[in-house]
Amino acid sequence: SMASRFVDGHASSRFAATREAPLTKRDRVDFLAGDIAVEVKVDGSLADVTRQLHRYAACPAVAALVLVTTRAAHTRLPDTLGDKPVRVVHLLWRSL
C-alpha cells in the first residue's frame, strides 16, 4: 500500500507515529503523530476525502490534519476543518 511505502521510505525520519490509530469506533487514521492525524490517499474523490478528514477533525485527540496524496484534486481541501488546520502534501507516485 502507499502508506506502507511511505513508512518504509521514511523509516529513518525522527518522528514517532502510531499506525492505524483508532480515533472513534468507526474511524482509524493511517498515522497519529502526537495530536497530528496523517492520512495517506491514492484515490477517492475530494468530497469523500473531505468528509473523512472532517470526521477526524471532530475527534478531540486531533489538533491538526495532514493529507499525503498523489491526487492533485485533493490539494483543493480547505485550510481548516472544524477549526483545525489542514495541510496537503502532494506527491508524485514515483516519488514513493
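Check the entry above for the structure.
The model shown is predicted, which means the values in this text are computed figures rather than measured ones. (Residues numbered from 1 in each chain as written. Predicted model: local features only at pLDDT ≥ 70, side-chain atom pairs only at ≥ 80, totals over all residues. Heavy atoms only, no water.)

Trainee: What should I look at first to understand the pattern of salt bridges in this one?
Mentor: Where charged atoms from two side chains of opposite charge approach closely, those side chains can pair. Counting across every chain of the model gives three salt bridges. Ionic pairing is found between Lys41 and Glu39, a salt bridge with its closest N-O pair at 3.8 Å. Arg51 is the partner of Asp48 in a salt bridge, and the nearest nitrogen-oxygen pair spans 2.3 Å. Of this pair, Asp48 and Arg51 both sit in helix H2 (residues 46-57), separated by three residues, roughly a single helical turn. (Salt bridge = Lys/Arg side-chain N within 4 Å of Asp/Glu carboxyl O. Helix = DSSP H or I, 4+ residues; strand = E, 2+ residues; numbered from the N terminus.)

Trainee: How do you make sense of the side chain of Asp30 when you look at a structure like this?
Mentor: Its place among the elements puts Asp30 in strand E2 (residues 28-33). Lys41 provides the closest opposite charge to the buried, salt-bridge-free Asp30, at an N-O distance of 6.2 Å. Non-local contacts of Asp30, meaning those with residues more than four positions away in its chain, are made with Thr18, Arg19, Glu20, Val38, Glu39 and Val40. (Buried < 20%, exposed > 50% of the residue type's maximum accessible area, 1.4 Å probe, protein only. Lys, Arg positive; Asp, Glu negative; His and termini not counted. Contact = heavy atoms within 4.5 Å.)

Trainee: Is there a simple way to explain the environment of Glu39 in this structure?
Mentor: With respect to the helices and strands, the residue Glu39 is situated in strand E3 (residues 36-41). For Glu39, a relative accessible area of 4% puts it in the buried group. Non-local contacts of Glu39, meaning those with residues more than four positions away in its chain, are made with Arg28, Val29, Asp30, Gln52, Leu53, Tyr56, Val66, Leu67 and Val68. Within the structure, Glu39 has its side chain in polar contact with the side chain of Gln52 (distance 3.2 Å). (Polar contact = N/O pair within 3.5 Å; in protein donor to acceptor, adjacent residues only side chain to side chain.)

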